[in-house]
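Reading the structure
Okay, here's what each chain looks like letter by letter:
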Amino acid sequence: MACPQVGGFLMGCLGWLCILVATSTNNWVIMCKYGMNACKKSEESKIKGPWAECSVSSAHYECQPLTQILELPAYIHTTRALMITASTLALLAVVLLLMSLPCISLGEPPSAKSRRAVLGGLCFLLVGLCSSVSTVWFPIGVHREQDLRSFGYSLYVGWVGSVMTLLGGLLIVCCSFSSSSSSSSSSGAHAYNHNNDRFYYSKGGPQPQQPPPPAAAVAAATSHAKTAHV
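Residues numbered from 1 in each chain as written. Predicted model: local features only at pLDDT ≥ 70, side-chain atom pairs only at ≥ 80, totals over all residues. Heavy atoms only, no water.

A look at the sheet that holds strand β3 (residues 52-56)
Under the convention used in this document: Pairing between two strands is assigned when DSSP locates at least 2 bridges connecting them. Segments assigned H or I by DSSP are reported as helices when at least four residues long, segments assigned E as strands when at least two residues long, and all are numbered from the N terminus. Lines fitted to C-alpha atoms define the axes here, with helix axes fitted over just the stretch in contact, and angles between the N-to-C directions of these axes take values from 0 to 180 degrees.
Reading across the sheet, the five strands line up as β4-β3-β2-β1-β5 and stay open at both edges, with antiparallel pairing between neighbours. In the strand order of this sheet, the two ends are held by β4 (61-65) and β5 (148-151), each with one partner. Each strand axis lies, on average, 25° off the axis of its neighbour in the sheet, ignoring direction. Sheet topology places strand β2 (residues 45-48) next to β3; four bridges connect them, and they run antiparallel.

Spelled out as structure tokens, the structure:
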């Protein structure tokens, strides 16, 4: 794994951590049901995420889990499914990229490591796409239902994780394709030179010497020559 691939791997891992933080927290959007000015004066607002809706003020902090599965809108179900899928695919990408390291040998050709690296990069790209769709669709769905005041830190962390996994996956895929093409061209040139050298030595080199005939054959030939002379 080259240096750009290692950088893409680290970037994808950091993006995966950001996506895990965004998935497990509920501070995605900040809402206000009394109007912006009233909420700023009273310092009371609501935060909402894929798993719970919380009331926040200077005096209390109370959360209500979103457990009514049949009554929840579609954007909440979609956000949950996409974020869980992104977290699972990121784990698969990390495993594939760790198995493509040069220090790990499974008794296979280097081309198999390149294929695993490409698959890991593609998984990181899918992770970034899933988290991007969910972190964009969720605030839009909340804004259609209630008054959206601002975005929470979980949403920003999700956006950062989406960008990092997309960039990391793109870097891994591009570097893996370029390294695999260069290795295949070098192996082809090496095989061509080896064939030319073998042809040159077979044509221009000294011919192999024939082994001397055995003594019994020499004696039989001598006796046959004497008989013919008599």
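Structure shown, so let's carry the discussion forward.
Some details on the pattern of salt bridges
Which entries qualify depends on this criterion: When a carboxyl oxygen of Asp or Glu is within 4 Å of a side-chain nitrogen of Lys or Arg, the pair counts as a salt bridge. Using a 1.4 Å probe on the protein chains alone, a residue whose accessible area is under 20% of its type maximum counts as buried, one over 50% counts as exposed, and one in between counts as partly exposed.
Taken as a whole and judged by the stated rule, the model has two salt bridges. Salt-bridge contacts for E145 lead to K48; the nearest nitrogen and oxygen are separated by 3.8 Å. Highlighted residues: E145 in helix α4 (residues 110-145) and K48 in strand β2, separated in sequence by 97 residues. For E145, a relative accessible area of 45% puts it in the partly exposed group.

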